[in-house]
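Commentary on secondary and tertiary structure
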Amino acid sequence: MTEPVFAPWDDPNEKPLIEFKNVTKRFGDFTAIDDLTLDIYEREFFALLGPSGCGKTTMMRMLAGFETITEGTILLSGKNIARVPPNRRAVNMMFQSYALFPHLTVWDNIAFGLKREKLPKDQIEARVQEMLKLTRLEKFSKRKPHQISGGQRQRVALARSLAKAPKLLLLDEPLGALDKKLRQDTQFELMDIQEKTGTTFVIVTHDQEEAMTVASRVAVMDEGRLIQVATPAGIYEMPNTVYVADFIGDVNIIEGHGTKTGDGYDVTFAEGQPALHAKTDAQLGEAARCYLAIRPEKVTISAERPDGAVNVVQGTIHDIAYLGNLSTYHVELPTGQILKAQAANTRRLSRRSFTWEDKVWLSWTDTAAVVLER
Amino acid sequence: MRRFFLIAVPYAWLLVLFLIPFVIVLKISLSDTALSIPPYTPTLDFSGGWAGLKAFFSALDLENFWFLTSDDLYWKAYLSSVWIAVASTLLALFVGYPIAYGMAQARDEWRPTLMMLVILPFWTSFLIRVYSWMGILSQEGFLNQFLLWTGIISEPLIILNTNTAVYVGIVYTYLPFMILPIYAALEKLDASLLEAAEDLGCSRIQAFWLVTVPLSKNGIIAGCFLVFIPALGEFVIPSLLGGSQTLMIGKVLWEEFFNNRDWPVASAVAVILLMILIIPIILFQRNEQKQREAEQ
């Protein structure tokens, strides 16, 4: 019952594997990484998430040794790695393009790093075999990269980067080239392999779903800064900014004025609309301008005004997005604002209760919304 | 039907411009010299009918080929041509590879300029360029004057009219043929492959030998053939830059043809030269085909 939760970042005695200390990276005038401080712990599956150009790939390339650091230090197991060239780092990288050597067989690709260490032949043989087995590639060991499928190539790249048993494995958009179905299968495979090998994984991705699925912690980045670092659930349920709330999943953002009342804030957002109440520990500044972030699945849609709900608004259905398992209703409030509410489609389509232009009530509890200052 | 025409065009081209001339040369090589115009017998004459045709074929023999084996001039010339062609191909490779590598490493906006610089010499007549090398390499030439001026040498070097000058000429002339295919191969090379090699423990030099060189192999092979094949039959360069001791089959062929007016022997020399060249040409084509298959 009491299996300890894996959360080294909450343990003050735990020593981080990687420490970014006030790291800045500039390319000419452009600041790719801006005074960034971050700890990553052993055995973590850490995701760097952000739009393209946010600096996530630069961070990874600094860890691999392909980019120098302009200011600050990066420590790997307590040692500064600024002067260690990429071929001397106990760090391996899985490239976005896989970068498999086209002139070598799958076997030789995986053995490439081991051969550079001048290991005895039988050891190399054994290790490659182990990697082939781990990634279920035994049958393809004699093939060249152009003779196997995209998914198999991805596994070869993974096997090759794991063969040297690195302390840290960097994965640059590892699943970007795979189609959706294969990507989902591979995500679980990656997690399995990460658990089996106990290697620390740092993954770079722009796909929020992927980050949420695989990672133990997610760092959301924007313009060279970390916006929030937390577990997937933390990022989703307790975003610290509108940017994070908006970047991860679907969200309703309501802008308004907060007044402290009891255990939270009453937020007035439009003339003639009731104030919305949200529980929070946050203290708003003087201006008391704030945003409410409400996930659509936490908004209940009903035909009758629900009894006892804390937050209730009325509107008309403007649009319905049918996703199969779910439907998202876009409800237009009298103020012109559109709120999204999601409901599971537990009934067949013909018996669905709402349609376009219906008057409906939206309601949510006082803990559903997150109060954000910016 | 459309496919037939598409295939027919290159085949017609080959037939008219390669096979028919070759058959004519082969026929002359089987003929005998004669003091006439054209300077050989027999000539094909359809007015003689069937008997005439029969007489024509019975007059053809392999005599000229036997003659080539009787005089050691010919096989020595072939051998020395092969040697000069091989050596200058290797020299062109050593000079051309770094240039191609440099071009492939250059910034994107520089590449067209560099490419043009490589091709630029072709805009001037080949003959003029070879003549200008005479001006550079001769005893009073720019090279000797410069070296004498710097004090590196006290006596002018004798370069012109030696095999060294022939190597210089061949390497200079055919260098673009070496550079361009290697550049094409290196340009395609994905930079992340080198990063991957480094990431897996290679030094930069190891990565070059283990990744860059194998992946530019096809470019190297193509470049080597493109230099070797024309260099083997080269005539202008050895006759202008080489000395009397420079023995190359192209020169021998010229002398047989124009000085001795012995068309049959000259043709026999040409036929054998072609036989020697067919081997590398077939190898070259096989390489190209393998490359295409690998890219699919």
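Scoring rules and cut-offs
One numbering rule holds for all chains: residues counted from 1, following each sequence as written. Lettering of chains starts at A and numbering of ligands starts at 1, both following the order in which they are written. Residues qualify for local features only when their pLDDT is at least 70, as the model is predicted, and side-chain atom pairs are given and counted only at 80 or more; totals for whole chains, interfaces and linings, by contrast, use all residues. Computation of side-chain values covers all heavy atoms of the structure but excludes hydrogens and water. Two strands form a pair only when DSSP identifies at least two bridges running between them. Here a strand is any run of E in DSSP of at least two residues, a helix any run of H or I of at least four, and the numbering for each starts at the N terminus. Axes, fitted as lines to C-alpha atoms, cover a helix only where it is in contact. Angles between the N-to-C directions of the axes lie from 0 to 180 degrees. Any two residues having at least one pair of non-hydrogen atoms within 4.5 Å are treated as being in contact. The quantity reported as buried area is the accessible area (1.4 Å probe) lost by two parts once they are put together, taken as the sum for both. The working definition used for a salt bridge is a side-chain nitrogen of Lys or Arg within 4 Å of a carboxyl oxygen of Asp or Glu. Any residue under 20% of the maximum accessible area for its type is buried, any over 50% is exposed, and the rest in between are partly exposed; the area is computed with a 1.4 Å probe on protein chains only. Helix span, as expected, comes to 1.5 Å for every residue beyond the first. UniProt positions are given in the numbering used here, feature names are shortened, and annotations may be inferred rather than shown by experiment. The predictor reports its confidence for every residue as pLDDT, a score running from 0 up to 100.

**A word on the sheet that holds strand S18 (residues 338–344) of chain A**
All names here are of chain A. The strand order S15-S19-S16-S17-S18 describes an open sheet built from five strands, whose pairing is antiparallel. The two strands at the open ends of the sheet, each matched to only one other strand, are strand S15 (300–302) and S18. Averaged over all neighbouring strand pairs, the angle between strand axes comes to 45 degrees, with direction disregarded. Strand direction decides the pairing type here: S15 and strand S19 (residues 359–364), joined by three bridges, are antiparallel. Across the sheet, residue Ser-302 finds its bridge partner in S19, namely Trp-361.

**A few points about the interface of chain A and chain B**
Contact with chain A, which involves 21 residues of that partner, is made by 19 residues of chain B. Ranking the residues of chain A by area buried against chain B places Asn87(A), His103(A) and Arg116(A) at the top, with a combined share of 29%. Run the count over chain A and chain B and you get one salt bridge. Of the charged contacts, one joins Glu195(B) and Arg61(A) as a salt bridge, the two residues approaching to 2.7 Å between their closest N and O atoms.

**Thoughts on the pattern of salt bridges**
Residues and elements named next belong to chain A. Counted according to the given criterion, the structure contains 22 salt bridges over all chains. Between Asp-207 and Arg-183 there is a salt bridge, with the nearest N and O atoms lying 3.8 Å from each other. In this pair, Asp-207 is assigned in the loop between strand S8 (200–205) and helix H6 (208–214) and Arg-183 in helix H5 (residues 180–197), connecting sequence segments 24 residues apart. With relative accessibility at 19%, the residue Asp-207 sits in the buried group.

**Thoughts on helix H4 (residues 150–162) of chain A**
Between its first and last C-alpha, H4(A) extends 18 Å over 13 residues, near the 18 Å set by a 1.5 Å rise per residue. Buried within H4(A) are the following residues: Gly151(A), Gln152(A), Gln154(A), Arg155(A), Val156(A), Ala157(A), Leu158(A), Ala159(A), Arg160(A), Ser161(A) and Leu162(A).

**Quick word on the UniProt feature "domain: ABC transporter" (unreviewed entry) in chain A**
UniProt marks residues 18–248 of chain A with the feature "domain: ABC transporter" (unreviewed entry), using the numbering shown here. Structurally, residues 18–248 of chain A comprises 36% helix and 26% strand, and the distance from its first C-alpha atom to its last is 25 Å.

**Re the pairing of strand S11 (residues 252–261) of chain A**
In summary, the side chains of a regular strand alternate between the two faces of the sheet. Residue and element names in this part refer to chain A. When S11 meets strand S14 (residues 289–294), the two strands line up antiparallel, connected through six bridges. Pairing of Ile-253 across the sheet is with Ala-293, part of S14. Where S11 lies against strand S12 (residues 264–268), five bridges are found, and the strand directions are antiparallel. Its bridge partner lying in S12, Thr-259 is registered against Asp-266. Here S11 folds back onto S12 in antiparallel fashion, the turn holding two residues, of which Gly-262 has a positive phi close to 60 degrees.

**Considering the side chain of Thr186(A)**
All names here are of chain A. Mapped onto the elements of the fold, Thr-186 is located in helix H5. Residue classification places Thr-186 among the buried positions, given a relative accessible area of 6%. Every residue in contact with Thr-186, bar those within four places of it in the chain, is listed here: Gln-154, Leu-175 and Leu-178.

**Quick word on the confidence of the model for chain A**
In this model, chain A carries an average pLDDT of 88, and 97% of its residues clear a pLDDT of 70 or more. Averaged pLDDT values over the elements of chain A bottom out at 84 in S12(A) and peak at 94 in helix H2 (residues 106–116) of chain A.

**Here we look at the UniProt feature "transmembrane region" (unreviewed entry) in chain B**
Feature annotation in UniProt places "transmembrane region" (unreviewed entry) on residues 12–30, 81–101, 113–130, 166–186, 207–232 and 263–284 of chain B, given in this structure's numbering. Note that residues 166–186 of chain B is 100% helix and 0% strand, and that its end C-alpha atoms are spaced 29 Å apart.

**Remarks on the pairing of strand S4 (residues 71–76) of chain A**
Residues and elements named next belong to chain A. Here strand S1 (residues 18–27) runs beside S4; their pairing, made up of five bridges, is antiparallel. Counterpart to Thr-24 in the pairing with S4 is Glu-71. Of the strand pairs in this sheet, S4 and strand S5 (residues 79–80) are connected by two bridges, and their pairing is antiparallel. Counted as the bridge partner of Leu-75 is Asn-80 from S5. Between S4 and S5, which follow one another and run antiparallel, lie two residues, and Ser-77 among them has a positive phi close to 50 degrees.

**Topic: the sheet that holds strand S10 (residues 225–230) of chain A**
Two orientations exist for strands paired in a sheet by backbone hydrogen bonds: parallel and antiparallel. Residues and elements named next belong to chain A. Judged by pairing direction, the sheet is mixed, and its six strands sit side by side in the order S6-S7-S8-S3-S9-S10 without closing on themselves. A single partner strand is all that each edge strand has here, and the edge strands are strand S6 (91–94) and S10. Averaged over neighbouring strand pairs, the angle between their axes works out to 20 degrees when direction is ignored. As judged from the four bridges shared by strand S3 (residues 45–49) and strand S9 (residues 217–222), these two strands associate in the parallel manner. Across the sheet, Leu-48 pairs through a bridge with Ala-219, a residue of S9.

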